[in-house]
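So the chains spell out like this:
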Amino acid sequence: MAHRNESVVSEFVLLGLSNSWELQLFFFAIFSVVYVTSVLGNVLIIVIISFDSYLNSPMYFLLSNLSFIDICQSNFATPKMLVDFFVEHKTISFEGCMAQIFLLHSFVGSEMVLLVAMAYDRFIAICKPLHYSTIMNQRLCIIFVSISWAVGILHSVSHLAFTVDLPFCGPNEVDSFFCDLPLVIELACMDTYEMEIMTLTNSGLISLSCFLALIISYMIILISVRHRSSSGSSKALSTLTAHITVVILFFGPCIYFYIWPFSRLSVDKFLSVFYTVCTPLLNPIIYSLRNEDVKTAMWKLRNHHVNAWKN
C-alpha cells in the first residue's frame, strides 16, 4: 500500500449541498436553527439531570452521556457547513478531513453502544425490577459509558489506519458538505475494492450487531410489558416508545449507508444532513417531550431561577 508521502493532495474540495445561492441561504437559516436548538437542548438535558436529585438514576445518567455525544456530533461538521454556505470555494485540509472521519465514526460508534446499554437498563428495570438497584449500580453505568467510547474510538481508528495512507494524487472533490469516508476512499489513486469491502464489513458489523441487540431487547421488554397490569405498564410503554423512536431514526439512515456505502444517489446527500445535523436533535425533543420526569425537572429548574432572580 502506498505511503502518506506519496499523496500530493493537501486539501479536499467540498461540493456542499447546492450551487444555488438562494438554496444555500435557505439551508443556512434552517440548519442554524436546528444546530443551535440541538446544542442548547442537549446542554439543557445535562444541566437538568445534574441539577435534579430525583433524576439521579442509571437511566438518566446514560441519557446525559447520550446528550454529550450528541453535542459532540453536532459540532464535528455542522459549524463548518454553516460557514461554507457563504464561501464560494469550500475546502478542507487533508488533516482536517481525516479528523472529521475520525470524529464522526467515534461518536456514531459510541452512540450505538450507548443505546444498547440504555436498552439493557430498560430491560432490567421492567423485567427484573426487584434487582434493578443491585444490577444497575453506578459502577456498571461507568463501565457501559467507558465501553461505548472505547468501541467508538477503536471502530474509528480501524477506518483511519487504512484511509490515512491511501495515495491521493489527483481528484479531490468530495460531493458532500463533510468528509464522508466512502466518498474520500473513492478519490484514492488505486483500486479501492478491498478497502470498500473492509469499510462495509467494519461498519456493517457494529451497526447490525447493535441494531439486532436492540431489537431483541425491546421485543423481550414489550412481551414482558404485555403481561403486566395496564396501570403498571403505561409509563413503561411511554418510555419504550421514546427509546424505540430514537433507535429507528438513528439506525435507519446508518444501516442504509452501510449497506450501500459506495453507491450514491441524489437523496443520499440529504440523508447525510439528517444523520449528522438533525439526529442530535432527536434526544432533547423525544426524551423531553415524552418524559414527564424531565419536563417536571425542567419546570423546577425554571422556577428556581425565577425565584432566585426575584429575591
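About the cut-offs
- Residues numbered from 1 in each chain as written.
- Predicted model: local features only at pLDDT ≥ 70, side-chain atom pairs only at ≥ 80, totals over all residues.
- Heavy atoms only, no water.
- Disulfide = S-S within 2.5 Å.
- Helix = DSSP H or I, 4+ residues; strand = E, 2+ residues; numbered from the N terminus.
- Buried < 20%, exposed > 50% of the residue type's maximum accessible area, 1.4 Å probe, protein only.
- Contact = heavy atoms within 4.5 Å.
- Phe/Tyr/Trp six-rings, centres within 6.5 Å; stacked < 30°, edge-to-face > 60°.
- Pairing = 2+ DSSP bridges.
- Axes fitted to C-alpha atoms, helices over the stretch in contact; angles between N-to-C directions.
- Parallel < 35°, antiparallel > 145°, perpendicular 65-115°, else oblique.
- Left-handed = near helix turned anticlockwise from the far one by under 90°.
- Nonpolar A, V, L, I, M, F, W, Y, C, P; charged D, E, K, R; others polar.
- Core = buried A, V, L, I, M, F, W, Y, C linked by side-chain atoms within 4.5 Å.
- Expected span 1.5 Å × (residues − 1).

## Thoughts on the state of the cysteines
Then, in step 1: By the definition in use, this model includes two disulfides.
Then, in step 2: In this model, cysteine 169 is linked to cysteine 189 through a disulfide, with the two sulfur atoms separated by 2.0 Å. Measuring the twist about the S-S bond at about -135°, one finds the cysteine 169-cysteine 189 disulfide to be left-handed. One end of the pair, cysteine 169, is in the loop between α6 (138–163) and β3 (173–174); the other, cysteine 189, is in the loop between α7 (181–185) and α8 (193–226), with 20 residues separating them in the sequence.
Then, in step 3: Judged by its relative accessible area of 33%, cysteine 189 falls in the partly exposed class.

## A few points about the side chain of serine 110
Then, in step 1: Mapping serine 110 onto the fold places it in helix α4 (residues 94–127).
Then, in step 2: Using a relative accessible area of 0% as the deciding quantity, one classes serine 110 as buried.
Then, in step 3: Ignoring any residue separated from it by four or fewer positions in sequence, one finds serine 110 in contact with Ile69, Ser148, Trp149 and Gly152.

## Brief notes about the packing of aromatic side chains
Then, in step 1: Applying the stated criterion across every chain yields a total of 16 aromatic pairs.
Then, in step 2: Relative to phenylalanine 94, the ring of phenylalanine 12 lies with its centre 6.1 Å away and its plane at 25°, an arrangement referred to as stacked. Taken together, the positions of phenylalanine 12 in strand β1 (residues 11–14) and phenylalanine 94 in helix α4 put the pair 82 residues apart, joining distant regions of the chain. Phenylalanine 94 carries the same exposure label as phenylalanine 12, and that label is buried.
Then, in step 3: Note on phenylalanine 27 and phenylalanine 31: the rings are 5.7 Å apart at their centroids and 15° apart in plane angle, and the pair reads as stacked.

## Concerning the sheet that holds β1
Then, in step 1: Reading across the sheet, the three strands line up as β2-β1-β3 and stay open at both edges, with mixed pairing between neighbours. For this open sheet the edge positions go to β2 (91–93) and β3, each flanked by a neighbour on one side alone.
Then, in step 2: Pairing analysis gives three bridges linking β1 to β2, with the strands arranged antiparallel. Looking at β2, one finds that valine 13 is bridged to threonine 91.
Then, in step 3: Contacts from α4 reach β1 and β2 within the one sheet, and its direction differs from that of β2 by about 85°.

## Some details on the packing of helix α1 (residues 21–51) against helix α2 (residues 58–75)
Geometrically, a packed helix pair is captured by the angle between its two axes and the distance between the axes.
Then, in step 1: At their nearest, the axes of α1 and α2 sit 9 Å apart, and the two run at 155° to each other. By the angle class used here, α1 and α2 are roughly antiparallel. As α1 runs across α2, the sense of the crossing is left-handed. Contacts from Tyr35, Ser38, Val39, Asn42, Val43, Ile45, Ile46 and Ile49 of α1 reach α2 at Tyr60, Leu63, Ser64, Ser67, Phe68, Asp70, Ile71, Ser74 and Asn75.
Then, in step 2: Here the residues of the contact of α1 with α2 sort into ten nonpolar, six polar and one charged.

## Some details on the environment of valine 34
Then, in step 1: By the element assignment, valine 34 lies in helix α1.
Then, in step 2: With a relative accessible area of 12%, valine 34 lands in the buried category.
Then, in step 3: Residues valine 34 and proline 280 lie 246 residues apart in sequence; the distance between their C-alpha atoms is 9.2 Å.

## Let's talk about the nonpolar core
Then, in step 1: Ranked by internal contacts, the top residues of the largest apolar core, which has 66 residues, are Leu17, Phe31, Leu63, Met81, Met112, Leu115 and Phe251.
Then, in step 2: With twelve residues, α4 is the largest single contributor of residues to this core.
Then, in step 3: Excluding its chain neighbours within four sequence positions, the residues that come into contact with phenylalanine 31 are Leu17, Met81, Leu82, Phe85, Val273 and Val277.
Then, in step 4: Grouped together as the second largest cluster of nonpolar side chains are 20 residues, Ile92, Val184, Leu187 and Met195 included.

## Description of α4
Then, in step 1: The first and last C-alpha atoms of α4 sit 50 Å apart over 34 residues, in line with the 50 Å expected at 1.5 Å per residue.
Then, in step 2: The buried fraction of α4 amounts to 24 of the 34 residues, a majority that puts the element mostly inside the structure.

## Quick word on the pairing of β1
Then, in step 1: Across two bridges, β1 lies against β3 in parallel orientation. Across the sheet, the residue bridging to leucine 14 is valine 174, located in β3.

## Considering the environment of glutamate 173
Then, in step 1: Tracing the sequence through the fold places glutamate 173 in strand β3.
Then, in step 2: Considering only alpha carbons, one finds glutamate 173 and leucine 187, 14 residues apart in sequence, at a separation of 7.9 Å.
Then, in step 3: Filtering out sequence-adjacent residues up to four positions away, glutamate 173 remains in contact with Val13, Leu15 and Leu187.

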